[in-house]
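# Chain and residue survey
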Amino acid sequence: MAPNKNTRRKPAIIVTQSDHERLSRLAEAHADRNPDVSEELLAELDRARVVQDGKIDTDVVRMGSTLRFTSDLGEDRTVTLVFPGEADIAAGKISILTPIGAALIGLSAGQSIDWTARDGRVHRLTVETVQVPAESQAASAAPAELRPAS
């Protein structure tokens, strides 16, 4: 019989093929500097369903997505999920290489997940809304002959 854990089962997540490839390389490159978050991100990527870039729903958190989430701490925040070099907490840009960033990738609007903060405390967040990344909006608005082949 499986051990009884007080943690809830993680929700199903979806990641685009290009995000999966880039994030896998990023996590592996940061394994020595930031092993805990790197391992958490790799674990999330391992359990994700990987889809072609053009085949992901608009309400799924991916790199560059702006989303609103609520938390068990009463927070209601709007953030953008970015690569480490673009992170700016004051501007609401959350790095994928943070515990909350790794927890957000692949979630859909309405899904909740437990994540462990750097201080070891477990928190629960719920994704309320997701906006498509700007480059995805431009690609989907382009005439079919100008869109990248999928």
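Okay, so let's go over this structure. (Residues numbered from 1 in each chain as written. Predicted model: local features only at pLDDT ≥ 70, side-chain atom pairs only at ≥ 80, totals over all residues. Heavy atoms only, no water.)

An α-helix turns once per 3.6 residues; consequently, residues spaced three or four apart project the same way. The end-to-end C-alpha distance of helix H2 (residues 35–47), which contains 13 residues, comes to 18 Å, matching closely the 18 Å that a straight helix rising 1.5 Å per residue would cover. Along H2, the residues that are buried comprise Val37, Ser38, Leu41, Glu44 and Leu45. End-on view of H2: buried residues confined to an arc of 125 degrees, all on one side of the axis. Seen from the open side of H2, the exposed residues pointing more than 90 degrees away from its buried face are Asp36, Glu39 and Asp46. Along its buried surface, H2 packs onto strand E1 (14–16), helix H1 (17–29), helix H3 (99–104) and strand E6 (112–116). (Helix = DSSP H or I, 4+ residues; strand = E, 2+ residues; numbered from the N terminus. Expected span 1.5 Å × (residues − 1). Buried < 20%, exposed > 50% of the residue type's maximum accessible area, 1.4 Å probe, protein only. Arc of directions from axis to C-beta. Contact = heavy atoms within 4.5 Å.)

By the definition in use, this model includes 7 salt bridges. With a shortest N-O distance of 2.8 Å, Arg124 and Asp114 are connected by a salt bridge. One end of the pair, Arg124, is in strand E7 (residues 122–131); the other, Asp114, is in strand E6, and 10 residues separate them in sequence. The exposure class of Asp114 is partly exposed, given its relative accessible area of 21%. Note that Arg121 and Asp119 form a salt bridge whose closest N and O atoms lie 2.8 Å from each other. The exposure class assigned to Arg121 is exposed, which follows from its relative accessible area of 52%. Here the salt bridges share partners, and the residues they tie into one network are Lys10, Glu40, Glu44 and Arg47. (Salt bridge = Lys/Arg side-chain N within 4 Å of Asp/Glu carboxyl O.)

On to the sheet that holds strand E3 (residues 66–71), then. Reading across from one edge, E5-E4-E3-E7-E6 is the order of the 5 strands in this open sheet, with mixed pairing throughout. Two strands bound the open sheet, and with one partner strand each, they are strand E5 (93–95) and E6. Neighbour-to-neighbour, the strand axes of this sheet turn through a mean angle of 45 degrees, independent of strand direction. As judged from the 5 bridges shared by E6 and E7, these two strands associate in the antiparallel manner. Of the residues in E7, the one forming a bridge with Thr116 is Val122. (Pairing = 2+ DSSP bridges. Axes fitted to C-alpha atoms, helices over the stretch in contact; angles between N-to-C directions.)

Attention now moves to the environment of Ile113. Relative to the elements of secondary structure, Ile113 occurs in strand E6. We classify Ile113 as buried; its relative accessible area is 2%. Spatially, the C-alpha atoms of Ile113 and His123 are 8.3 Å apart, while their sequence positions differ by 10 residues. Beyond its immediate chain neighbours, meaning those up to four positions away, Ile113 contacts Lys10, Pro11, Glu44, Arg47, Ala103, Leu107, His123, Arg124 and Leu125.

Attention shifts here to H1. The terminal C-alpha atoms of H1, which comprises 13 residues, lie 18 Å apart, in line with the 18 Å expected from a rise of 1.5 Å per residue. Its buried side turned inward, H1 meets E1 and H2.

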